[in-house]
Amino acid sequence: QVQLVESGGGLVQPGGSLRLSCAASGSIFRLNAMGWHRQAPGKQRELVAQITRSGTTNYADSVKGRFTISRDNAQNTVYLQMNSLKPEDTAVYYCNAIVTNSDFRVGNYWGQGTQVTVSS
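Now for a quick tour of the structure. In this text, all values refer to a predicted model and were calculated from it rather than measured experimentally. (Residues numbered from 1 in each chain as written. Predicted model: local features only at pLDDT ≥ 70, side-chain atom pairs only at ≥ 80, totals over all residues. Heavy atoms only, no water.)

Applying the stated criterion across every chain, the model contains 5 salt bridges. With a shortest N-O distance of 2.7 Å, R38 and E46 are connected by a salt bridge. The class of E46 is partly exposed, set by a relative accessible area of 34%. A salt bridge links D103 to R105; the nearest nitrogen and oxygen atoms lie 3.7 Å apart. Residues joined by salt bridges that share partners form a network here, namely R38, E46, R66 and D89. (Salt bridge = Lys/Arg side-chain N within 4 Å of Asp/Glu carboxyl O. Buried < 20%, exposed > 50% of the residue type's maximum accessible area, 1.4 Å probe, protein only.)

On to the environment of L11. Checked against the element boundaries, L11 lands in strand β2 (residues 10–12). With relative accessibility at 65%, the residue L11 sits in the exposed group. The spatial distance from the C-alpha of L11 to the C-alpha of S120 is 9.2 Å, given a sequence separation of 109 residues. Excluding its chain neighbours within four sequence positions, the residues that come into contact with L11 are T117 and S119. (Helix = DSSP H or I, 4+ residues; strand = E, 2+ residues; numbered from the N terminus. Contact = heavy atoms within 4.5 Å.)

All right, on to the packing of aromatic side chains then. Summed over the entire model, instances satisfying the criterion amount to 1 aromatic pair. Centroid distance F29 to F104: 4.9 Å. Interplanar angle 70°. Geometry classified as edge-to-face. Residue F29 is found in strand β4 (residues 28–39), and its partner F104 is found in the loop between β9 (91–101) and β10 (106–110); the two are separated by 75 residues along the sequence. Residue F104 is classed as exposed on the basis of its relative accessible area of 55%. Cation over ring: R19 sits above Y79, and NZ or CZ is 4.1 Å from the ring centre. The ring of Y94 carries R45 above its face, with NZ or CZ at 3.7 Å from the centroid. (Phe/Tyr/Trp six-rings, centres within 6.5 Å; stacked < 30°, edge-to-face > 60°. Lys NZ or Arg CZ within 6 Å of the ring centre and 35° of its normal.)

Another point: the sheet that holds strand β8 (residues 77–82). Reading across the sheet, the 4 strands line up as β1-β3-β8-β7 and stay open at both edges, with antiparallel pairing between neighbours. Of all strands in the sheet, those bounded by a partner on one side alone are β1 (2–7) and β7 (67–72). Averaged over all pairs of adjacent strands, the angle between strand axes in this sheet comes to 15°, irrespective of strand direction. One ladder, built from 6 bridges, connects strand β3 (residues 18–26) with β8; its direction is antiparallel. Residue L18 lies in a different strand from β8, and its bridge partner there is M82. (Pairing = 2+ DSSP bridges. Axes fitted to C-alpha atoms, helices over the stretch in contact; angles between N-to-C directions.)

It is worth stressing that arrangement in space is one thing and function is another; only the former is reported here.
Laid out in structure tokens, this is it:
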């Protein structure tokens, strides 16, 4: 099994910054694409950003220029640097990873989520 553990959420004022981290552990042969999604109250979960193993990135239009996704393959960790935060960024943020397990099966895993609240 694979576990994804997020950290770094919290309460921040509009215009502020937060950095989310997601560490993967367990029966991992290789971490493939990783990403961050978010879900606000009453809304569907949406993709925020994703990054391939080689470092190619993709962002939702609403966060382009403000958020940066990165990863450390040696540490099995993905990060989301969030700058210029807005109240509409308030949501539970979930880490996601496509993992090739130790038995060479491929699985799609999710973290438990971390709350980000942007409010004055």
